[in-house]
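Chain by chain, the residues:
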Amino acid sequence: MDTTDKYIGQMLDNRYEIIEKIGTGGMAVVYKARCHRLNRLVAIKILKEELAEDEEFKRRFRSESQAVAMMSHPNIVAVYDVSRSGNIEYIVMELIEGITLKHYITRKGVLNWKEALHFSTQIVKALGHAHSRGIIHRDIKPHNIMIVKDGSIKVADFGIAHLQSTQNTLTQEALGSVHYISPEQAKGGPVDARSDIYSLGVVMYEMLTGHLPFEGDSAVSIAIQHISAIPLMPREVNPDIPAGIEAITMHAMEPDLGLRYASAEEMLIDLEEFRKNPGVEFEYVAQDASIDDTATRQVPTGAILKADTGLSKPVRSPSRSLPVEMTREEYRRNNKRASRTASLIGVFLIIVFLVSVFAFMWIKWLEPIINPPEVLVTVEKFVGKRYDAFKDDPDITAMYTFNVTKEYSDDVEEGVVISQDPPVRQMKLPGSGIIEVQLIVSLGKQPEILMPDLENMDNRVAKQQLENLQLNLLFDMQPDFSDDYASGQVMSTSPQPGEPLTDGQIVIIIYSKGPEVDKTTVPYVEHISLTAAQNKLSSYNLTYEVIEEYSEDIPINKVIYQSINSGEEVPVNTKVILTVSLGPDPEASPSPTDSPDVTTSPSPTASSSPDVTTSPSASPSPSPSTSPSPSPSPSPSPSPSPSPSPSA
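Residues numbered from 1 in each chain as written. Predicted model: local features only at pLDDT ≥ 70, side-chain atom pairs only at ≥ 80, totals over all residues. Heavy atoms only, no water.

Some thoughts on the sheet that holds strand β3 (residues 28-35)
Here's step 1: Pairing within the open sheet is antiparallel, and its six strands lie in the order β1-β2-β3-β4-β6-β5. Of all the strands in the sheet, the pair left with one neighbour each is β1 (11-12) and β5 (79-85). (Pairing = 2+ DSSP bridges. Helix = DSSP H or I, 4+ residues; strand = E, 2+ residues; numbered from the N terminus.)

A closer look at the sheet that holds strand β16 (residues 474-480)
Here's step 1: Ordered in space as β16-β19-β17, the three strands form an open sheet in which the pairing is mixed. The outermost strands of the open sheet, each flanked by one partner alone, are β16 and β17 (490-494). Mean inter-strand twist for the sheet, computed between neighbouring axes without regard to direction, equals 20°. (Axes fitted to C-alpha atoms, helices over the stretch in contact; angles between N-to-C directions.)

Considering the pattern of salt bridges
Here's step 1: Considering all chains together, one arrives at 17 salt bridges under this definition.
Here's step 2: Note that Asp388 is salt-bridged to Lys391, the shortest N-O span being 3.5 Å.
Here's step 3: In this structure Asp388 comes out as exposed when scored by relative accessible area, which is 55%.
Here's step 4: Residue Arg460 pairs with Asp458 through a salt bridge whose shortest N-O separation is 3.2 Å.
Here's step 5: According to the relative accessible area criterion, Asp458 is partly exposed, its value standing at 26%. (Salt bridge = Lys/Arg side-chain N within 4 Å of Asp/Glu carboxyl O. Buried < 20%, exposed > 50% of the residue type's maximum accessible area, 1.4 Å probe, protein only.)

Overview of a nonpolar patch on the surface
Here's step 1: Taken together, the side chains of Ile350, Phe353, Leu354, Val357, Phe358, Phe360, Met361, Trp365 and Leu366 present a nonpolar region at the surface, about 910 Å² in accessible area.
Here's step 2: Turning to its location among the elements, Phe358 is positioned in helix α14 (residues 328-370). (Patch = residues over 30% accessible without salt bridge, like charges linked within 9 Å, V, L, I, M, F, W, Y side chains within 5 Å. Areas by Shrake-Rupley, 256 points an atom, 1.4 Å probe, with all protein chains shown as cover.)

A short note on the confidence of the model for the chain
Here's step 1: Taken as a whole, the chain shows an average pLDDT of 80; of its residues, 77% reach a score of 70 or greater.
Here's step 2: Predicted confidence for residues 163-175 stays below pLDDT 50, and this span has 25 contacts to residues more than four positions away or in other chains.
Here's step 3: Overall, residues 289-326 carries pLDDT values under 50, and its contacts beyond four positions in sequence, including any with other chains, amount to 12 contacts. (pLDDT = per-residue confidence, 0-100. Contact = heavy atoms within 4.5 Å.)

With respect to helix α8 (residues 193-209)
Here's step 1: Given a rise of 1.5 Å per residue, 17 residues ought to cover 24 Å, and the 25 Å separating the end C-alpha atoms of α8 matches this to within 8%.
Here's step 2: Taken across its 17 residues, α8 has 16 buried, putting it largely inside the fold. (Expected span 1.5 Å × (residues − 1).)

A look at the packing of helix α3 (residues 101-108) against α8
Here's step 1: Relative orientation of the contacting elements α3 and α8 amounts to 25°, with a least axis distance of 10 Å. On the basis of their axis angle, the class for α3 and α8 is roughly parallel. As α3 runs across α8, the sense of the crossing is left-handed. The residues of α8 that touch α3, namely those facing Leu101, Lys102 and Ile105, are Val203, Glu206 and Met207. (Parallel < 35°, antiparallel > 145°, perpendicular 65-115°, else oblique. Left-handed = near helix turned anticlockwise from the far one by under 90°.)

Details of the environment of Gly128
Here's step 1: Checked against the element boundaries, Gly128 lands in helix α4 (residues 113-132).
Here's step 2: Overall, Gly128 belongs to the buried group, its relative accessible area being 7%.
Here's step 3: Along the backbone, Gly128 and Glu265 are 137 residues apart, and their C-alpha atoms lie at a distance of 6.2 Å.
Here's step 4: If sequence neighbours within four positions are ignored, Gly128 has contacts with Ala264 and Glu265.

Considering unusual backbone geometry
Here's step 1: Of note, the amide linkage connecting Asp421 to Pro422 takes the cis form, showing an omega dihedral of 5°.
Here's step 2: As for its position among the elements, Pro422 is in the loop between β12 (417-421) and β13 (426-428).
Here's step 3: Despite not being glycine, Arg138 has its phi angle at roughly 75°, a positive value.
Here's step 4: Here Arg138 shows up in the loop between α4 and β8 (145-148).
Here's step 5: Residue classification places Arg138 among the partly exposed residues on the basis of a relative accessible area of 23%.
Here's step 6: Of note in the backbone geometry, Asn557 takes a positive phi value of approximately 70° without being a glycine.
Here's step 7: Here Asn557 is to be found in the loop between β21 (543-549) and β22 (559-562).

A word on the nonpolar core
Grouped burial of nonpolar side chains is what soluble globular proteins tend to show.
Here's step 1: With 75 residues, the main nonpolar core has Leu101, Phe158, Met207 and Met267 as its most contacted residues.
Here's step 2: Of all hydrophobic cores here, the second largest spans 15 residues; its members include Ala33, Ile46, Ile88 and Tyr90. (Core = buried A, V, L, I, M, F, W, Y, C linked by side-chain atoms within 4.5 Å.)

Here it is as structure tokens:
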């Protein structure tokens, strides 16, 4: 833990305890924190101090973050809360345990096209959800895409890139993002959903080839290439890529907005069609970088002037005698030019002669001295022999060294060599006089592994037990209601206990979700009287518990916040904790000058909250469950009023 960081150990809004720093970006620093109200780990992104001093930027930061918080999609990092504690602007997000797609590509290099298709489909679904709500990401790149442990994708930083674009120019600091920007972004023009699609195309190009389509020494040079250059086709870099996914990638990267995919949904249709039939061919034809466009190149102005100057003189026929139309000075210049040409031809002929002499001497004498003749040997055949029979033979070890890998084989007896590299052939003897040979030696038949009995076991423990078998099994975890099994317990498996397991097999684990219960919807009861809140919760078949605390803004005996989001479906008889106002703290100092920790909210709609720290029981921050959306109950939602902090 970095104890030198001033935020480590702080408690924001008497709720979020900052534990450790987990990342730094252009605008903010990301920390791991614990929400003490809901007892869960979260990620908190704190706006950098230099940006937090800009009032207009802070306003846009809260506005953009609150818009993103309204989104809900399995492939988008969830935003729980947007708030301010003192002069600290921050957003509270879902904590993702995983690695970035950039880290994964760097570690693995070229991704298998099936894996690239799997990731791309999830990313385009996330973009489609955001675009349908009018939110453009503007900074799609592998650095902003998280891979969760279960192989799913989470896209982060929606809406935030729009703010960052006002702070950065195309400098070396922007080099990470400029590799993925669209041509219209590089020109500084307006962007829409198609800009995100272009960036996704670049991400697909990098996954499929292991290379970026454009490289350069500066952000400006890369941006210019996005505008004017045509990259190599992915199949020229990696011939193993199917033509269909290459066409989808280049269609997404089409520099002409009119020819690019018009929407994420349109791109998703092609991805799904390719997934069902990898041999499909699409009508889209990418631009060919090999087309010769020299016929349409602009002629430099200097060349035009030179040509015009030359044509302004009369054309004269050569003659040994002084022509009537030539002056003596012109004749002298012509003779001088001819002498110069003859000298150049003579020098060229001398160079050709010297090169010919050197080539003859090289072939005849020099090369055999510098590069002595190769010693060719024939590699011995080890395939089919027992490794123990020759590994210690001095005649063998004098010429060979072995790197041995052992594998199971149904056809080759244990201890016998399955394959070798290099194979039996003639080869040049290395300077060391020792030939290195890679051998694969058989372990014999692989012992049969049977499916264990996992019934009544916790599903996570059952899955871990199967993973320990090291068979690269694929798991299909299927929850189901049950009156006979406790929640999380395994009810049945396929294959059944005692059946053999094979490498790469799909194992279905059906586990209990507990008995099926009736559900109800939580109504919105904040800022109304305790009696009205209790009556409303009872009408929705919910129970309640009351906690009291002081509040400077909420009148006495009215609900400050509720512990469960309005609109959330929960089992009937679920307990909702209501925090009810006791009115202002009688022990608090009435003078603002005596309480430096009290800040005044500039307007009812601001996202700040009074930082009242006089009473340890005061909790100026609302629960992340507080929602600005209206209650789903028939009664109208209360009108907006100043609150300790707006919810996400």
